[in-house]
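Listed below, chain by chain, are the residues.
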Amino acid sequence: MQKLLVTGGAGFIGSNFVHYVLENTDHHVTVLDKLTYAGNVESLAGLPADRFTLVQGDICDAAVVDGLVAGTDVVVHYAAESHNDNSLHDPRPFLDTNIIGTYTLIEAARKHNKRFHHISTDEVYGDLELDDPERFTENTPYNPSSPYSSTKAGSDLLVRAWVRSFGLQATISNCSNNYGPYQHVEKFIPRQITNVIDGIRPKLYGKGENVRDWIHANDHSSAVLAIIAKGRIGETYLIGADGEKNNKDVVELILKHMGQAPDAYDHVVDRPGHDMRYAIDSSKLRDELGWEPKFSNFDAGIEDTIAWYRNNEDWWRPQKAATEAKYKEQGQ
Ligand code: NAD
Ligand code: TDX
């Protein structure tokens with residue numbers, strides 16, 4: 001049994017990880033989460049009280065962080081401002097949480113000599129052309145496009161520097177786009193599913209040709225557990241499940257499974273600086289750690305995700321109107 005401190009555990013991927021850990025290991029989990037607009041205690045409802053603790057707090061608060069890091073075996077760092085569109089309108093919280101928050105955590109992990117795993121994104125590598133035969137690898141140069149991805153890139157580089165300069169016992173993973181339950185309705189897939197439920201036509205940025213490399217959140221969780229257990233200190237592992245799809249195809253799939261016409265969507269104003277394509281080569285993770293994704297059927301995964309949003313309206317309904325009002329102001 002290990003004690004895990006999971007930052008951002010009330011968010012989308014963090015909460016899926018907490019459920020996954022409690023179901024598949026005997027670890028104890030403490031979540032540190034500020035409960036911003038993106039955090040939801042309901043995503044952690046019903047977890048076993050003897051194996052799970054929730055602390056509301058800010059990863060930039062050194063006093064709170066120090067005490068929690070001192071009492072854990074492993075820090076798994078998910079907390080972030082995570083939405084590209086928000087970063088284009090108000091970048092400041094991204095600098096605070098993604099840069100200063102990560103700095104605060106690695107200083108505490110260094111002081112108490114704790115194992116640290118940093119969760120990051122493929123967006124740090126910038127984007128690929130649609131016809132580029134190459135995919136991102138651990139050796140691809142950093143080239144982030146947005147305020148969000150540049151702050152994630154900055155946080156990755158801090159972790160790398162703390163490994164080299166101070167011997168921090170850290171690993172990093174950069175994962176592609178996740179889908180599954182508990183994802184905020186501001187994000188692409190839940191936004192379109194809940195739009196259709198509400199009788200609103202899905203909104204596709206620009207032509208919809210942009211490609212994302214989709215992975216189920218549970219596959220991300222199993223990869224992170226494998227890296228914590230067997231990953232080599234100081235290494236970066238890319239996590240992906242060969243799930244490349246363009247946005248238009250994803251919207252059409254959602255419409256099909258929700259009984260709508262394939263063209264029942266609108267094109268809206270494009271995202272400034274919109275990355276064209278992400279694609280992950282996860283050979284290192286598969287060859288070194290023997291990891292394999294289990295959710296290889298995207299069609300079935302989308303059907304399950306639609307069913308989850310249909311069955312859990314109480315979870316997402318409180319966020320929906322304000323999210324759509326914000327998009328409307330931006331013409332999206
Ligand atoms: P999310 O926005 O759903 O959740 C973020 C969580 O962090 C929320 O619970 C929020 O309350 C918490 N948080 C924010 N600021 C905080 C602070 N200062 N102190 C403590 N808690 C704070 O994000 P997500 O989509 O679950 O992403 C989680 C992590 O995974 C992020 O680091 C993100 O960069 C990374 N990631 C996401 C994806 C994706 O597809 N969503 C893909 C690859 C990597
Ligand atoms: O309404 C929409 N219409 C649309 O066409 C929205 C919200 C998005 N899009 C497009 C933009 C992207 O090409 O869909 C794609 C996915 O958009 P997001 O869900 O905003 O994700 P993305 O910007 O790709 O970033 C996500 O994956 C990488 C996460 O939000 C990041 O945290 C993660 O690092």
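All of these numbers come straight from a predicted model, not from anything done at the bench. (Residues numbered from 1 in each chain as written. Chains lettered and ligands numbered in written order. Predicted model: local features only at pLDDT ≥ 70, side-chain atom pairs only at ≥ 80, totals over all residues.)

### Concerning the confidence of the model for the protein chain
Rule in force here: The score called pLDDT rates the predictor's confidence residue by residue, from a low of 0 to a high of 100.
Per-residue pLDDT for the protein chain has a mean of 98; in total, 100% of the residues score no lower than 70. Reported for the predicted complex are a pTM of 0.99 and an ipTM of 0.99.

### What about the site of ligand 2?
Inclusion rule: Using a C-beta atom placed from the backbone, a residue is scored as near a molecule or strand whenever that atom is within 6 Å of it. A run of DSSP states H or I qualifies as a helix once it reaches four residues; a run of E qualifies as a strand once it reaches two. Both are numbered from the N-terminal end.
Surrounding ligand 2, one finds 16 residues, the nearest of these being S82, T121, K187, F188 and Y205. Secondary-structure elements contributing two or more residues to the shell around ligand 2 are α6 (188-197) and β8 (203-205). At 3 residues, the largest contribution of residues to the shell around ligand 2 is made by β8.

### Section: the site of ligand 1
Formally: The residue classification treats Ala, Val, Leu, Ile, Met, Phe, Trp, Tyr, Cys and Pro as nonpolar and Asp, Glu, Lys and Arg as charged. All others, Gly included, are polar.
Taken together, 30 residues lie near ligand 1, and G8, G11, A38, G39 and A80 sit nearest. Only α1 (12-24), α4 (92-112) and β5 (115-121) provide two or more residues apiece to the shell around ligand 1. Tallying contributions element by element places α1 first for the shell around ligand 1, with 3 residues. Its residues assigned to classes, the shell around ligand 1 shows 12 nonpolar, 13 polar and 5 charged.

### Quick word on the packing of α6 against helix α8 (residues 247-257)
To be explicit about the condition: Angles here are taken between N-to-C directions and fall from 0 to 180 degrees, while the axes themselves are lines fitted to C-alpha atoms, restricted in helices to the stretch in contact. Two helices that cross are described as forming a left-handed crossing if the nearer one is turned anticlockwise from the farther one by less than a right angle, and a right-handed crossing if clockwise. Placing a C-beta atom from the backbone of each residue, one calls two residues in contact when those atoms lie within 7 Å.
Packing of α6 against α8 leaves a shortest axis separation of 10 Å and a crossing angle of 35 degrees. Our pair here, α6 against α8, has a crossing hand that is right-handed. Here F188, I189, Q192, I193 and V196 of α6 come into contact with α8, specifically with N247, V250, V251 and I254. Residue classes in the contact of α6 with α8 are distributed as 7 nonpolar, 2 polar and no charged.

### Topic: the packing of α6 against helix α10 (residues 298-311)
When two helices pack together, their arrangement is given by the angle between the helix axes and by the axis-to-axis distance. Heads up, the condition is: Each angle gets one of four labels, with under 35 degrees taken as roughly parallel, over 145 as roughly antiparallel, 65 to 115 as roughly perpendicular, and the rest as oblique.
Two numbers describe how α6 lies on α10: the axes approach to 10 Å, and their chain directions differ by 55 degrees. On the basis of the axis angle, α6 is oblique to α10. The hand of the α6/α10 crossing is right-handed. Judged by residue contacts, I189, P190, I193, T194 and I197 of α6 engage T305, I306, Y309 and R310 from α10.

### Topic: the sheet that holds β5
Test applied: Two strands qualify as a pair provided DSSP detects at least 2 bridges between them.
The parallel open sheet is built from 7 strands, whose spatial order is β3-β2-β1-β4-β5-β6-β11. Sheet topology places β3 (52-56) and β11 (236-239) at the edges, where each strand pairs with a single neighbour. Strand-to-strand twist of the sheet, defined as the mean angle between neighbouring strand axes without regard to direction, takes the value 20 degrees. Where β5 lies against strand β6 (residues 170-175), 6 bridges are found, and the strand directions are parallel. By the bridge assignment, S120 is partnered in β6 with N174.

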